[in-house]
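A closer look at the structure
Given next are the chains, with one letter for each unit.
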Amino acid sequence: MILGLETSCDETAAALITPDGEILANIVSSQADLHARYGGVVPEVASRRHLELVTPVVREALAEANAELGSVQLVSVTAGPGLIGALLVGVAAAKAIAWARRLPLVPVDHLRGHIASLYLQPDPLEPPFLCLLASGGHTLLLDVRERGRAPRVLGTTLDDAAGEAFDKGARLLGLGYPGGAKIDRVAQAGDPTAFEFPVARVPGLDFSFSGVKTALLYATRALSPYELEMRSADLAAAYQAAIVRALVERTRQAAKQTGATTIAVVGGVAANSELRAALPDAAFAPFELCTDNAAMIASAARFEEPIPYPGYLGLDAYASTA
């Protein structure tokens, strides 16, 4: 049995899976309500909350799986990228558990964890495939050739990530945090053609979302408070449509250039209803595995080389891959 821990941002998560990818427990304690008052994640607040939650979520995962710590054979944890203080909480907890039980430990790259969410039961996806990874902190097009091998980066964002653009857009519209789900919900009642927002044309397969965010800012400034309230659904729908259009166009372009016959979509933005409708032939991560979770981290650990006891005691976290 593999224990996974995830604390890269504002979800404290623990999961237990079998070596063949069956999820026995996947516990996620979100801090969204805690950070909503600030309009986004406050790193210091997140780190302190992880300290309070990491032990309870591990206990809850063990209880849900009807297992004991003695049944765990491998420990895995997100080592980066993410908020460094938050990551350190998970890394320290994982090292302590592994050291106490003299178990091997696998440090997992958070982005490869998202990809590995596609490898879990009951319907695991086999590489090769083109993967769109869209989340609050990252937007990437990846050429995934095989499990356990670093994917080739085909394109990335030059500024904001897609999820970050959703969060900032929701803030401009007064919808609160987290923004992606709120914009998706409000947009259902809106007309996506009521406003015209730009899709950046940048070289290669890269993305840019700063322009559409600025366009929304100007659109909101041009409206009175009453008009903004009355037209918020139209603004949300048009803004969402522009972001989704950028993601879909680039993904289709990458598939054509690489000859990929399978497209996969992972990350928090993969839960967006319009994106799912716009890529009906793609393999999407299950809804419960789109946002940060520990099952995907444990899944990725199956294809990485573990560090034997006690060689991981000097393991550190990293905030970015750059």
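What comes next is a walk through the structure.

Rules used in this analysis
Residues numbered from 1 in each chain as written. Predicted model: local features only at pLDDT ≥ 70, side-chain atom pairs only at ≥ 80, totals over all residues. Heavy atoms only, no water. Helix = DSSP H or I, 4+ residues; strand = E, 2+ residues; numbered from the N terminus. Rg over C-alpha atoms; globule rule 2.2 N^0.38 Å. Buried < 20%, exposed > 50% of the residue type's maximum accessible area, 1.4 Å probe, protein only. Contact = heavy atoms within 4.5 Å. Areas by Shrake-Rupley, 256 points an atom, 1.4 Å probe, with all protein chains shown as cover. Lys, Arg positive; Asp, Glu negative; His and termini not counted. Charge placed at Lys NZ, Arg CZ, Asp CG, Glu CD. Expected span 1.5 Å × (residues − 1).

Helix and strand content of the protein: 11 helices and 10 strands. In summary, the protein has a C-alpha radius of gyration of 20 Å against a globular reference of 20 Å for 322 residues, a match within 12%. Per-residue burial over the protein gives 52% buried out of 322 residues. Counted over contacts in the protein with a minimum sequence separation of 6, partners at least 24 positions apart contribute 70%. When the accessible area of the protein is evaluated, it comes to approximately 13900 Å², of which 53% is carbon and sulfur surface. Each charge class in the protein can be summarised by its mean position, and for the 26 positive and 35 negative side chains these summaries are 3 Å apart.

What follows concerns helix α9 (residues 232–258). At 3.6 residues per turn, the α-helix brings residues three or four places apart onto the same side. In a regular helix each residue adds 1.5 Å, so 27 residues correspond to 39 Å; α9 covers 39 Å between its end C-alpha atoms and thus fits that length. Taken across its 27 residues, α9 has 20 buried, putting it largely inside the fold. Phi turns positive one or two residues past the end of α9, at G259, with a value near 75 degrees.

Residue position: S47 is located in helix α2 (residues 43–64). A residue is classified by how much of its surface remains accessible, and S47, at 11% relative accessible area, is buried. S47 sits 43 residues away from G4 along the chain, and the two C-alpha atoms are 18 Å apart. Every residue in contact with S47, bar those within four places of it in the chain, is listed here: G85, A86 and V89.

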